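Listed below are the residues making up each chain.
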Amino acid sequence: MEAQSSPPSISSAASSVNSSTPSTPSTTSSFDFSDHVTEQTDRRYILVTGGLGFIGSHTSLELLKAGYDVIIVDDLSNSYRSVLNSIIQLADIYYAGREHEQPKVHHHQVNYRDMEAMDSLLREYSIGGQFGRPARSKIMGVIHFAAFKAVAESISRPLDYYRNNINGLVDFLYLLDDHKIKNFVFSSSATVYGTIADLGVPVREEDCVHEPEHYLDDNQRGTLVSQGCTGLTNPYGRTKFFGEAILSDLAKSDPLWSIAALRYFNPVGCDASGLLGEEPKGVPSNLLPAVTKVLIGDSPSLSVFGDDWPTPDGTAMRDFIHVTDLAQAHIRALDVVSKQAMVKNFRTFNIGTGHGYSVQEVINTMEQVSQRSIPHHFMGRRAGDVGTCVARADRSNAELGWRTKLTLRDACVDICRFLRARNYY
Ligand code: UD1
């Protein structure tokens, strides 16, 4: 699939965007902060690292629709600048004719691990700090997506994963702490459940905890779970587990931190407009991008990893969640985090539908929706995979006031719309 799409016109949004594109992304000197340095109002900025990636871009759009001003930090290592144009175009469409002032979006082409650049950026959003007054930030919260996420790659390059996902996270937290930005939403993953998910029963948050936890099971019996997780299958999963553990420790040490870790199941689909979609760079490792490649003729046949899993049709079973539902979960999480309205100041949430579909069912659904056949062949199981991974989403439903609205079929319809808009099929 041709990943770079032609940018839509952004003329109508020109006043609301500030895309910093320094020639050397890791330096701060050429940033253009002209827009916000002069701004006096106390805006509700949300800092989104990795905000032009698949989940990040859909979340940035939903944040804008929800009225937040958005600062996107994305070094474009796995995304395209044209994604920003799509976000702006969709925000323009959403706000056309509405009375509400259109929020701003700023993009900074910076690696979130570049502490010098990030420090400068955060300083630009500070207020006060002179004449003995403590500085405070206009940034009311952070959603942290920027991370490596390919399971197979994490097995062959574990140190890259630990350096980027763990060292990067710790340095970033230091910086946010310095700037007194302590509302944090972390992109975690269902992968933290490892082989526990494989027991074939939907997993609940208490299946992986960082502090001993009492809970009532389905029979209303009090149960005590110990911290830890024993079934992690790959370094990527360990980075998410360790990341959560670090955040849990941080929250315990300082009650001013308010942190939600969202454990994503399998995000699929794209914005219903067909203007924003999933465009990973390089060879896709996730299922739907691989299906898409076959659908548009870029790849002759889909490799299905494993036909001998203990599932009804032998192919692996996952909880596929529409990315727009997932993006909206972030808005809800941000709300409870910023109001410090969680049961504890570090809280994990499963973000899934509660319903599993097999890889074969995904292929069948996409074939029905696209009216095309998707040639596929069976291979051995992929290293680091589990057979089944499905969420119990009761906690997110109850405590975030969030639930999924869209289906796997909706996701396939939206993907086809996105592909058609680009004349891919
Ligand atoms: C895993 C994590 C998920 C994480 C994601 C990040 C688990 C249980 N889930 O997703 O939380 O967000 O990594 O990338 O660890 N498949 C094929 N052919 C393909 C591609 C995939 O058959 O070409 C199969 C896989 O073997 C798997 C299923 O499709 O059984 C889903 O794969 P994928 O989309 O890569 O997601 P997970 O590995 O489930």
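Everything here concerns the structure above.
Residues numbered from 1 in each chain as written. Predicted model: local features only at pLDDT ≥ 70, side-chain atom pairs only at ≥ 80, totals over all residues. Heavy atoms only, no water.

Draft legend 1. Here's a closer look at the overall build of the protein. Counting secondary structure elements, the protein contains 12 helices and 19 strands. The burial tally for the protein puts 56% of its 425 residues in the buried class. Within the structure as shown, the protein displays about 17900 Å² of accessible surface, and the carbon and sulfur contribution to it stands at 50%. (Helix = DSSP H or I, 4+ residues; strand = E, 2+ residues; numbered from the N terminus. Buried < 20%, exposed > 50% of the residue type's maximum accessible area, 1.4 Å probe, protein only. Areas by Shrake-Rupley, 256 points an atom, 1.4 Å probe, with all protein chains shown as cover.)

Draft legend 2. Inspection of the pattern of salt bridges at higher detail. Counted by the stated rule, this structure contains 25 salt bridges. Residue Arg392 is joined to Asp218 by a salt bridge in which the shortest nitrogen-to-oxygen separation is 2.9 Å. Placement of the pair is Arg392 in the loop between strand 19 (388-389) and helix 11 (394-400) and Asp218 in the loop between strand 9 (213-216) and strand 10 (222-225), with a sequence separation of 174 residues. Its relative accessible area of 22% is what places Arg392 among the partly exposed residues. A single network of salt bridges, built from pairs that share partners, joins Arg204, Glu206, Glu213, Asp218, Arg392, Asp394 and Arg395. (Salt bridge = Lys/Arg side-chain N within 4 Å of Asp/Glu carboxyl O.)

Draft legend 3. Here's a closer look at the nonpolar core. Formed by 41 residues in total, the largest nonpolar core has its most connected members in Leu63, Ile87, Leu262 and Ile351. Of all elements in the fold, only strand 2 (45-49), helix 2 (54-65), strand 3 (69-73), helix 3 (81-95), strand 11 (258-264), helix 9 (323-338) and strand 16 (346-351) reach the threshold of two or more residues within this core. In terms of residue count, helix 9 provides more of this core than any other element does, eight residues in total. The residues touching Ile351, leaving out its near neighbours within four places in the chain, are Leu262, Arg263, Tyr264, Phe265, Ile321, Leu326, Ala329, Ser396, Leu400 and Trp402. (Core = buried A, V, L, I, M, F, W, Y, C linked by side-chain atoms within 4.5 Å. Contact = heavy atoms within 4.5 Å.)

Draft legend 4. Quick look at the environment of Ser273. Topologically, Ser273 is positioned in the loop between strand 12 (266-268) and helix 8 (287-295). For the pair Ser273 and Ile415, spaced 142 residues apart in sequence, the C-alpha to C-alpha distance is 9.9 Å. A polar side-chain atom of Ser273 sits 2.5 Å from a polar atom in the side chain of Asp271. A polar contact of 3.0 Å, which involves the side chain of Ser273, links it to the backbone nitrogen of Leu275. (Polar contact = N/O pair within 3.5 Å; in protein donor to acceptor, adjacent residues only side chain to side chain.)

Draft legend 5. Structural view of the packing of aromatic side chains. Applying the stated rule across the entire model yields nine aromatic pairs. With centroids separated by 6.3 Å and ring planes inclined at 75°, the aromatic side chains of Phe184 and Trp257 adopt a geometry described as edge-to-face. One end of the pair, Phe184, is in strand 8 (residues 183-189); the other, Trp257, is in the loop between helix 7 (235-253) and strand 11, and 73 residues separate them in sequence. The residues Phe184 and Trp257 share a single accessibility class, namely buried. Members of the aromatic cluster, each reached through a chain of ring pairs, are Tyr112, Phe172, Phe184 and Trp257. Lying across the ring of Tyr94, Arg98 places its NZ or CZ 3.8 Å from the centre. Between the NZ or CZ atom of Arg381 and the centre of the ring of Trp309, over which it lies, the distance is 3.8 Å. (Phe/Tyr/Trp six-rings, centres within 6.5 Å; stacked < 30°, edge-to-face > 60°. Lys NZ or Arg CZ within 6 Å of the ring centre and 35° of its normal.)

Draft legend 6. Here's a closer look at the site of the ligand. Residues in close proximity to the ligand total 23 residues, the closest being Ser189, Leu287, Ser303, Arg318 and Asp385. In this structure, Thr191 approaches the ligand through a side-chain N or O atom, which is 3.1 Å from an oxygen atom. At 2.9 Å, a side-chain N or O of Arg382 approaches an oxygen atom of the ligand. For the ligand, the protein covers 93% of the area, taking 740 Å² as the surface of the free molecule. Counting only elements with at least two residues in the shell around the ligand, the list comes to helix 8 and strand 13 (302-305). Counting residues per element, the shell around the ligand draws most heavily on strand 13, at four residues. The class makeup of the residues in the shell around the ligand is 13 nonpolar, six polar and four charged. (Near = heavy atom within 4 Å. Nonpolar A, V, L, I, M, F, W, Y, C, P; charged D, E, K, R; others polar.)

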